[in-house]
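Structure at a glance
These are the residues of each chain, in order.
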Amino acid sequence: MAVTTSPHLAALTGQRLTNVLLGHAVSLRFTGGDEVLIEGAARLDGHRIRPGDDSADALVAVLGDVVREVGTGAGGELRISFGSGARLVVDADADAESWAIAGADGRLIVCLANGELAVWDQPGTRP
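To start, this report covers the structure provided alongside it. (Residues numbered from 1 in each chain as written. Predicted model: local features only at pLDDT ≥ 70, side-chain atom pairs only at ≥ 80, totals over all residues. Heavy atoms only, no water.)

Description of the overall build of the protein chain
Stated precisely, the cut-off is as follows: In this text, helices come from DSSP runs of H or I with a minimum length of four residues, and strands from runs of E with a minimum of two, each type numbered from the N-terminal end. The globule rule used here is 2.2 Å times the number of residues to the 0.38 power, and the radius of gyration it is set against is calculated over C-alpha atoms. Buried means the residue's accessible area, taken with a 1.4 Å probe over protein chains only, is under 20% of the maximum for its type, while exposed means over 50%, and partly exposed covers the values in between. When checking whether two residues touch, look at their non-hydrogen atoms; a contact exists if any pair is within 4.5 Å. Accessible areas in this description were obtained via Shrake-Rupley with a 1.4 Å probe; residue shielding takes into account the shown protein chains only.
A tally of helices and strands in the protein chain yields one helix and twelve strands. Traced from its N-terminal end to its C-terminal end, the protein chain shows the element sequence β-α-β-β-β-β-β-β-β-β-β-β-β. Here the protein chain has a C-alpha radius of gyration of 13 Å; the compact-globule value for 127 residues is 14 Å, and the two agree. In terms of principal-axis extent, the alpha carbons of the protein chain reach across some 35 × 30 × 30 Å. Evaluated residue by residue, the protein chain yields a buried proportion of 43% over its 127 residues. Taking the contacts inside the protein chain whose residues are at least 6 apart along the sequence as the reference set, 42% of them involve residues at least 24 apart. Put simply, the protein chain shows about 6200 Å² of open surface, and 49% of that area lies on carbon and sulfur atoms.

The structure is reproduced here in C-alpha cells:
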C-alpha cells in the first residue's frame, strides 16, 4: 500500500518517543514537543491496540525509540516506523476521529471520520 509523507508529518521524523500515556485516548509524546493521540484501533507489530484497555501496554516496547518514517495510507491510516524496525499503524474509523498529531510548532493534523485529513499548519489556528 502506498504511503504519503507530507511536510506536516515529516516534522515527527527523528524525534524520540519519551512518554506513553494511557487513558480514553493513548498519547505518545516526543522529544521535539509533538504529540500523537490515538483514539481508535491501532496495531504495533501484530499487537492490536485500543485506547482504554490493557492492549495499549504494548506501546512501551517503542518507548525511547526514534521515528524513522511517518506517513499516511490512502485510507487515512497513520503509519509510523521506528529505528528499531517496529511499525505502528493507526487505522481510520468510518464514524469518528481516530488519530491526531499536535505539533509543538502549532500544526494540527486530525484524521476525521472515513479517513479524511484536516490540517491546520499555522501557529494559533487550531480549532
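So, next bit.
Observations regarding the pattern of salt bridges
To keep it simple, the criterion reads: The working definition used for a salt bridge is a side-chain nitrogen of Lys or Arg within 4 Å of a carboxyl oxygen of Asp or Glu.
For the structure on display, the rule yields five salt bridges. With its nearest N and O atoms 2.7 Å apart, the salt bridge here joins D91 to R43. Linking D91 in the loop between strand 9 (87-90) and strand 10 (99-102) with R43 in strand 5 (residues 42-44), this pair joins segments that are 48 residues apart in sequence. The closest approach of N and O atoms between R79 and E77, which form a salt bridge, is 3.5 Å. Judged by its relative accessible area of 24%, R79 is partly exposed. Each of D34, D105 and R107 takes part in a single network of salt bridges with overlapping partners.

A few points about the pairing of strand 7 (residues 67-73)
The following threshold applies: When DSSP finds at least two bridges between two strands, those strands are taken to pair.
When you tally the buried positions in strand 7, you get five out of seven residues, the bulk of the element. When strand 7 meets strand 8 (residues 78-82), the two strands line up antiparallel, connected through five bridges. When the bridges of strand 8 are listed, V67 appears paired with F82.

Remarks on the environment of S55
Assignment of secondary structure puts S55 in the loop between strand 6 (47-49) and strand 7. We classify S55 as partly exposed; its relative accessible area is 23%. C-alpha of S55 to C-alpha of A10: the two residues are 45 residues apart in sequence and 27 Å apart in space. Setting aside residues no more than four positions away along its own chain, S55 makes contact with R48, I49 and R50.

Quick look at the nonpolar core
The condition that has to hold: Among buried residues, those of type Ala, Val, Leu, Ile, Met, Phe, Trp, Tyr and Cys that are joined through side-chain atoms within 4.5 Å constitute a nonpolar core.
Of all hydrophobic cores here, the largest spans 27 residues; its most connected members are L28, V36, L78, I80 and L88. Contact partners of L88, with chain neighbours within four places excluded, come to L28, I38, A42, R43, L44, I49, L59, L78, R79, I80 and F82.

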